[in-house]
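Chain by chain, the residues:
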Amino acid sequence: MSDAPKTAMVMAAGLGTRMRPLTDHRPKPLVEVGGKALIDHVLDRLVEAGVETAVVNIHHFADQMVAHLARRDDIRIRISDERAALLDSGGGIAKARALLGEDPILVANIDSLWTGGATPPLETLKAAWDPERMDVLLLLVPRGHGLGFEGPQGFFRDDEGRLTHSAAPEPPTPYANVGFQILKPQILDDVREEAFSIVPIWKALAEKGRLHGAVMDAFWMHVGDPAAREAAEAKLAP
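Definitions and limits used
Residues numbered from 1 in each chain as written. Predicted model: local features only at pLDDT ≥ 70, side-chain atom pairs only at ≥ 80, totals over all residues. Heavy atoms only, no water. Helix = DSSP H or I, 4+ residues; strand = E, 2+ residues; numbered from the N terminus. Buried < 20%, exposed > 50% of the residue type's maximum accessible area, 1.4 Å probe, protein only. Polar contact = N/O pair within 3.5 Å; in protein donor to acceptor, adjacent residues only side chain to side chain. Contact = heavy atoms within 4.5 Å. Salt bridge = Lys/Arg side-chain N within 4 Å of Asp/Glu carboxyl O. Pairing = 2+ DSSP bridges. Core = buried A, V, L, I, M, F, W, Y, C linked by side-chain atoms within 4.5 Å. Arc of directions from axis to C-beta.

A. Fine view of the side chain of Asn 57. For Asn 57, the position within the fold is in strand β4 (residues 53-58). Exposure remark for Asn 57: the relative accessible area of 2% places this residue in the buried category. For Asn 57, the side chain forms a polar contact with the side chain of Glu 82, separated by 2.9 Å. Beyond its immediate chain neighbours, meaning those up to four positions away, Asn 57 contacts Met 9, Val 10, Met 11, Ala 12, Ala 13, Ser 80, Glu 82 and Gly 92.

Below, the structure is given as structure tokens:
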């Protein structure tokens, strides 16, 4: 698609506390799965999807991140430095706002991997993006089709693709956000540069019918702790 995002925001600043002891001496994005750092799994996917610039936020072991990212020559890397303070999922994007431009961007978490499926998930996301009808489009996985979707929090999706967020145990939500989305950066223009979650913005957009979801057919793996890393390695093994 001609209006598919060419810029991505890669959320890589977290402390990775659940991944300890693997993150005692390195940042979570540099933990390897299948012989490749998590950040490189994500950047490879973005390159395949036609993204030309990745804005990466850094905090934990920031110097290691800068050195590692400097080795990439297939995508333009810009750094959003959060060494002074972690800013969470909304604040991190808001701080990087000046680097992101005015066109829709792709936002990527570094702890989501996938395998299989008939269509590359980011192609599913790009094909569903319609800026006339939506301000945010989340990439979703069906419950039972991934590793790391055990809790009740997730989404309901109507026939038009509009989403409603829920954390209630009943009825169970059929879809989870896998940590990738397309959004219009302007939705963050009126917020202050401080730590905040993007979830309240999702909920406000959902009330307006502007939060949508696209469902991928690949198998999703949330690599949140050492056990999940081992499970992902087993799933990715040839």
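B. Representation of the pattern of salt bridges. On inspection of all chains with the given rule, the structure shows 15 salt bridges. For the salt bridge of Glu 123 with Lys 126, the shortest nitrogen-to-oxygen distance reads 3.0 Å. Taken together, the residues Glu 123 and Lys 126, both in helix α5 (residues 121-128) and three residues apart, mark about one turn of the helix. Where Arg 210 meets Asp 135, a salt bridge forms, and the shortest distance between an N and an O atom there is 3.0 Å. You can see Arg 210 sitting in the loop between α6 (199-207) and β13 (211-215) and its partner Asp 135 sitting in the loop between α5 and β8 (136-142), a full 75 residues away along the chain.

C. Highlighting the pairing of strand β1 (residues 7-11). Most of β1 sits inside the fold, with five of its five residues counted as buried. Burial along β1 is two-sided: Thr 7, Met 9 and Met 11 and Ala 8 and Val 10, pointing in opposite directions, are all buried. In this structure, β1 lies alongside β4, joined through four bridges in parallel fashion. In the strand pairing of β4, Met 9 is matched with Val 55. Bridge analysis of β1 against strand β6 (residues 105-109) gives four bridges, and the strand direction is parallel. Note on β6: the bridge partner recorded for Met 11 is Asn 109.

D. Representation of the sheet that holds strand β7 (residues 112-115). One open sheet holds the three strands; their spatial order is β7-β14-β9, and the pairing between them is mixed. The strands lining the two open edges of the sheet, one partner per strand, are β7 and β9 (146-147). Sheet topology places β7 next to strand β14 (residues 219-222); four bridges connect them, and they run antiparallel. Bridging from a neighbouring strand, Thr 115 pairs with Phe 219 of β14.

E. The arrangement of the nonpolar core in detail. Core analysis: the largest hydrophobic core is formed by 46 residues, its most contacted members being Val 10, Ile 39, Leu 46, Val 56, Leu 122 and Phe 180. A per-element tally of this core places helix α1 (residues 38-48) first, with five residues. Residues within four places of Val 10 in sequence aside, it is in contact with Ile 39, Val 42, Leu 43, Leu 46, Ala 54, Val 55, Val 56, Asn 57, Ala 108 and Ile 110.

F. Quick look at helix α7 (residues 226-236). Regarding α7, the residues found buried are Ala 228, Arg 229 and Ala 232. In an axial view of α7, the angular spread of the buried residues amounts to 105 degrees, which keeps them on one side of the axis. Projecting away from the buried face of α7 at angles above 90 degrees are the exposed residues Ala 227, Glu 230 and Ala 234. Each element contacted by the buried residues of α7 is listed here: β2 (32-33) and β14. Where α7 starts, the residue carrying a side-chain oxygen 3.2 Å from the main-chain nitrogen of Ala 227 turns out to be Asp 225.

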